[in-house]
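Given next are the chains, with one letter for each unit.
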There are 4 protein chains.
Amino acid sequence: MKQSKRFFSDNTASVCPEILEAIGAANHDLVVAYGDDPWTQRLDEVLGAFFGTQVRAFAVATGTAANSLALAALSPPYGAIYCHHEAHIACDECGAPGFFSGGAQLALIEGADGKLTGAALAAALDGQSVSVHSVQPAAVSISQATELGTAYRPGEVAAVCEVAHARGLHVHMDGARFANAVTYLGCHPGDVTWRAGVDVLSFGATKNGALGAEAVVFFNRGLVRDFELRRKRAGHLLSKSRFVSAQLLAYVESGIWRRNAERANALARSLGEAAGERLLHPVEGNEVFIKLGDAGKASLRAAGFEFYDWGPPASGEARLVASWDQDEHHVQALCAALTAS
Amino acid sequence: MKQSKRFFSDNTASVCPEILEAIGAANHDLVVAYGDDPWTQRLDEVLGAFFGTQVRAFAVATGTAANSLALAALSPPYGAIYCHHEAHIACDECGAPGFFSGGAQLALIEGADGKLTGAALAAALDGQSVSVHSVQPAAVSISQATELGTAYRPGEVAAVCEVAHARGLHVHMDGARFANAVTYLGCHPGDVTWRAGVDVLSFGATKNGALGAEAVVFFNRGLVRDFELRRKRAGHLLSKSRFVSAQLLAYVESGIWRRNAERANALARSLGEAAGERLLHPVEGNEVFIKLGDAGKASLRAAGFEFYDWGPPASGEARLVASWDQDEHHVQALCAALTAS
Amino acid sequence: MKQSKRFFSDNTASVCPEILEAIGAANHDLVVAYGDDPWTQRLDEVLGAFFGTQVRAFAVATGTAANSLALAALSPPYGAIYCHHEAHIACDECGAPGFFSGGAQLALIEGADGKLTGAALAAALDGQSVSVHSVQPAAVSISQATELGTAYRPGEVAAVCEVAHARGLHVHMDGARFANAVTYLGCHPGDVTWRAGVDVLSFGATKNGALGAEAVVFFNRGLVRDFELRRKRAGHLLSKSRFVSAQLLAYVESGIWRRNAERANALARSLGEAAGERLLHPVEGNEVFIKLGDAGKASLRAAGFEFYDWGPPASGEARLVASWDQDEHHVQALCAALTAS
Amino acid sequence: MKQSKRFFSDNTASVCPEILEAIGAANHDLVVAYGDDPWTQRLDEVLGAFFGTQVRAFAVATGTAANSLALAALSPPYGAIYCHHEAHIACDECGAPGFFSGGAQLALIEGADGKLTGAALAAALDGQSVSVHSVQPAAVSISQATELGTAYRPGEVAAVCEVAHARGLHVHMDGARFANAVTYLGCHPGDVTWRAGVDVLSFGATKNGALGAEAVVFFNRGLVRDFELRRKRAGHLLSKSRFVSAQLLAYVESGIWRRNAERANALARSLGEAAGERLLHPVEGNEVFIKLGDAGKASLRAAGFEFYDWGPPASGEARLVASWDQDEHHVQALCAALTAS
């Protein structure tokens, strides 16, 4: 069977060999369950070294769990969580932040290229009452890379954090594609997180080569509070935690976080160049948003390319995602098809 | 002590004599608690006659309880509830819909004069995914009169309901000022509710002369389901229910719903006329929104008038509300002050 | 129509004249809503004087609201709340504590005459793990008077509080029939509450003559925290708060709390004496639990007496409640019937 | 380093080679995420064949997720879920059922050897009011094998289910150690599940050789309803679902479910024989409960054996668990130590 040329999502990717090896290497002996194992116990240290500061880090298996548990640590049940109107937490997690927090509401903000600006956040907060009758502004969540494939510069993150902190809100970053953004920016992982003011990061590995591993990284360790109880009661404390932690350790220590992201980004970049003027947003990670028109989309699909529609129903927009293990010939073929169309 | 000239809200009003009398008249004998009393047992019949159709009606003491219990009957915990971005449920109930539903999210829609249009709702729903990754569109909530003092015409309500029903959503109406709207429109109460497609109404009496009494009125009786259990576990089933039900019966049967609304509307209308071109929205109930400027507001306040700021911080906008028992001399004085300014 | 001889519950009672008068007396002028009114603003002072210590007090309309809001202030969503297995919060509030807290579990403890003992609480806590895998012991709730009509002595309350506090749990008292217990004990209201270690009290007035008024009284004022936001989002902040607060003020200041309780207790006492050896628990308030047998119950009902079955289906047990406004002739008739049977 | 002789829990075990191979075998190509992959699509068929009936099966990564999502499908937020007082859902999941259901309460029932009987359930339900004031009996959850290492016979399961179904409750089985129980009983997997009336099963594989894989198996497919939305919003829909589904397929199809359980059971049996009269419950799976006394426990620990205390603080009870990959020499050494003591 001829393989499909899939550009649906980096979630379709396989597991990176180094990750599978790390799982295998951890598979010996009986070790204490629920995180009292040597792998999990290294998480704080290894992720602290990665980010260049002391952290408290907790492993979970899904991005939705990471985001929602982090947000529940930042927002009371009557809180308001500010985010971009196309944020993953707003559009793609079936209301998980409301579930984990016990009722918090998302306050959606518009912004070009998937980004929240400090000014837009300030304006939204200016318009929000803080009386007993209102939800209480509690947290801001930004995505790095954004849902539209762009990357916040350190200064952009800092501008958001500054407005948030000045008003008593904490800042969460959804880093499902964090490696892609940092690799694109060429900066230190700390530059777009704690140095810019981020309090808690969902540090994703799954999309970039892991089997299922995300870390909730608290830079602001005072916010950890009852996180472990909330994780447990949500069913997100894995009994055989070593196998999730081992993935995260390998992801960071072996350098595959960067190697995989570099490859995916490069492939996306070439797709973006082939898209030319049809490009909807700068390609600053591994996602390409393109205005193809309905005919253009149909033609690509007829040629065996698979991808998701994007935007409003009749917009003619599409999203192409390059995974870390994307077949290079498929990318070349898609570039050719895009150039020809 | 000279009394303040208060135009804060119709919640500042006193209780109408007929309502107090009805409470007194119900105050005899030992009657079974929690709704098995002769007053509560008449609610369905009396409200059914008022609306001209069969209904199931449940008494509660606050508007937030009425709205949130109604919405929890319409939306699952992972539901999306569509409403105007200035709706009371979005701005003034401290996240109650999220609490009562177990996590539902409000999806906010813009609209002139506080109104949701069928077209705006359709556009919002067009853009909403219904995959397993999304909150699931479940309900629409509109306010009659709106938060900006305007009244939906029957056709406007029908247009919203038509879009909602065509996509499987149910429609709630927040009628905290229902009497004011119906009185303004001069229509039958059924014309802007069930005949136009409304499934559930929060029928408010408190703002218009009651002590504390609202009814959740199900026109679509199939939606009642577990409403009574949800009301009980929210602490909104009053033990001495007769005294809430008696208020609602008197409110409807004595005609004070209309008499009080007519008076409040007329006073608001005269304020609106005095406001002239500074008026921000048509006066179709008992609320007046007016652009006074900061100096204008300060000058009125110096003259002893009390009212709330409205809109963004520096907008210079103010809200003036006429209550059923508003002192006519205060209104005349305010009209004079507005005309003079 | 001949009136039924009702001994169902003190919830069937009417409203005390002093309470209705207080409502009427508060019914003048426009006053600011949602608690910024002169009546509500006196609550802390008046209830503080009543209890003989500084308190923060919040008015709500139902006992379930008072209990659940208090417990949500004491327990996180993953908390365990210890109470007697027949407690009102366990048996009669449709899971409200779980709703308001966001998932807390009740841990039920057995105890004679409806009472929790310090020893039984200690034993229950000894057996409770406090690892991340367990619900976390957070609060204890005791009822005064108990669900079985008995009253905790100050020393009994202190014993429970001592165990609770030694292990970091806070103590709530459900005082739906607080006046009946204090009147029976002949002690100062402070003796069985804050002086014995109670942190928060649901101070009930409804069953003892109010229309619908309960106060959540924080003796431990540090626990108030976000109580007001939780009350609002639960729909329990009444807009015309003055009318609830005025009830509470009149209830305490006029002395009707004691007068009504004394009368109800005395009537219950005479029923208890008539019950003789069939009495199941000491009569220390206004409730009488009696083993009548099925034939005995049928015979009383045939004579026009109304009351609830109690206990397991075939136990032959019944509950008789004397209300503050119980017809003395009905009580005499019931005493005679009991004596004769 | 000399390896500890660990008998803490089967959660300390490693991953079975066949499971790791299955993960590796699934690791090719880009496949659609979130369950639209060939492995996940076979779950219903393969588990249906295993159980001998049509099922709907959903993969998750943890037992707490499986149990809580299943229970949330069976109980409304105001529901009561009946279970043994030592059930995992009651003692070891940090209140997860309350979280996932939105507030349901567990009703705990006593029973010998960790088992719920039909009679005990009937008695508990007889004593439970079903008025609007009560939590509503909704579900029963039993554990197979039980928390005390015993196995329900088919008739015992049927007796519980019969009582439950007769009163409108649905039945959940927590099968974290399902393979151990079925292997011990020597029956068909269907005999203690759907044929006996079980509606939904948490089918555990993690403790018995998987990395992290459990299936929620609906025998009563009408109960699936919104399960997938609830799973998603709880963060338990894994993006790379193929790797969880592949574990479950291998677990069932390769026969390791039985092979691993047989080995663990046999090792536990020999421990049970060595325990002799100190045994607290029959050994009908891979868990051994034994009264060792404090001195006995200290002596074993001094000899390098690791295990958990059980029961009340001073009970002298211990739990020994044999995992599928337990070192046989460790078991022999422990048997010798037990025999000698």
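Before going into details, it helps to say that this report is about the structure given with it. As the structure is a computational prediction, the values presented were derived from the model and not from experiment.

Overview of the interface of chain A and chain C
Counting residues at the interface gives 17 residues for chain A, matched by 16 residues for chain C. For chain A, the biggest contributors to the area lost against chain C are Tyr78, Val132 and Leu229 of chain A; these three give 42% of the whole. Where chain A meets chain C, there are zero salt bridges. Seen at the junction of chain A and chain C, the total is eight residue pairs in polar contact (both at pLDDT 80 or more). Considering each element in turn, the side of chain A that touches chain C owes the most residues, five residues, to helix H9 (residues 227-233) of chain A. When grouped by side-chain class, the residues that make up the side of chain A that touches chain C number six nonpolar, six polar and five charged.

Some words on the pairing of strand S3 (residues 79-84) of chain D
All names here are of chain D. The buried fraction of S3 is high, at six of six residues. Strand direction decides the pairing type here: S3 and strand S5 (residues 136-143), joined by five bridges, are parallel. The residue of S5 that forms the bridge with Tyr82 is Val140. As defined by bridge partners, S3 adjoins strand S4 (residues 105-109) across five bridges and the pair is classed as parallel. Within the sheet, the bridge partner assigned to Tyr82 lies in S4 and is Ala107.

Brief notes about the packing of aromatic side chains
Aromatic ring pairs: the centre-centre distance and the angle between the two ring planes describe each pair. Counted according to the given criterion, the structure contains 66 aromatic pairs over all chains. Judged by centre distance (5.6 Å) and plane angle (75 degrees), the rings of Phe51 of chain A and Phe203 of chain A are edge-to-face. Of this pair, Phe51 of chain A sits in helix H2 (residues 43-51) while Phe203 of chain A sits in strand S7 (residues 200-204), placing them 152 residues apart in sequence. A ring pair is formed by Phe99 of chain A and Phe99 of chain D, whose centres lie 4.3 Å apart and whose planes are at 5 degrees; its orientation type is stacked. Taken together, the residues Phe99 of chain A in helix H5 (residues 96-101) and Phe99 of chain D in helix H5 (residues 96-101) connect one chain to another. One exposure class covers both Phe99 of chain A and Phe99 of chain D, and it is buried.

Some details on the sheet that holds strand S8 (residues 214-218) of chain A
Residue and element names in this part refer to chain A. The sheet built from seven strands is open, its strands ordered S2-S8-S7-S6-S5-S3-S4 with mixed pairing. Looking at strand neighbours, the two that pair on one side only are strand S2 (56-60) and strand S4 (105-109), the edges of this open sheet. The average angle at which neighbouring strand axes cross in this sheet is 20 degrees, direction not considered. Looking at chain direction, strand S5 (residues 136-143) and strand S6 (residues 170-175) are connected through five bridges and run parallel. Within S6, the position partnered with Ser141 by the bridge is His172. The strands that helix H10 (residues 242-253) touches are S2, S7 and S8; relative to S2, the one it contacts most, it runs at about 120 degrees.

Here is what the cut-offs are and how they apply
- Residues numbered from 1 in each chain as written.
- Chains lettered and ligands numbered in written order.
- Predicted model: local features only at pLDDT ≥ 70, side-chain atom pairs only at ≥ 80, totals over all residues.
- Heavy atoms only, no water.
- Contact = heavy atoms within 4.5 Å.
- Buried area = accessible area lost by both parts, 1.4 Å probe.
- Salt bridge = Lys/Arg side-chain N within 4 Å of Asp/Glu carboxyl O.
- Polar contact = N/O pair within 3.5 Å; in protein donor to acceptor, adjacent residues only side chain to side chain.
- Helix = DSSP H or I, 4+ residues; strand = E, 2+ residues; numbered from the N terminus.
- Nonpolar A, V, L, I, M, F, W, Y, C, P; charged D, E, K, R; others polar.
- Buried < 20%, exposed > 50% of the residue type's maximum accessible area, 1.4 Å probe, protein only.
- Pairing = 2+ DSSP bridges.
- Phe/Tyr/Trp six-rings, centres within 6.5 Å; stacked < 30°, edge-to-face > 60°.
- Axes fitted to C-alpha atoms, helices over the stretch in contact; angles between N-to-C directions.

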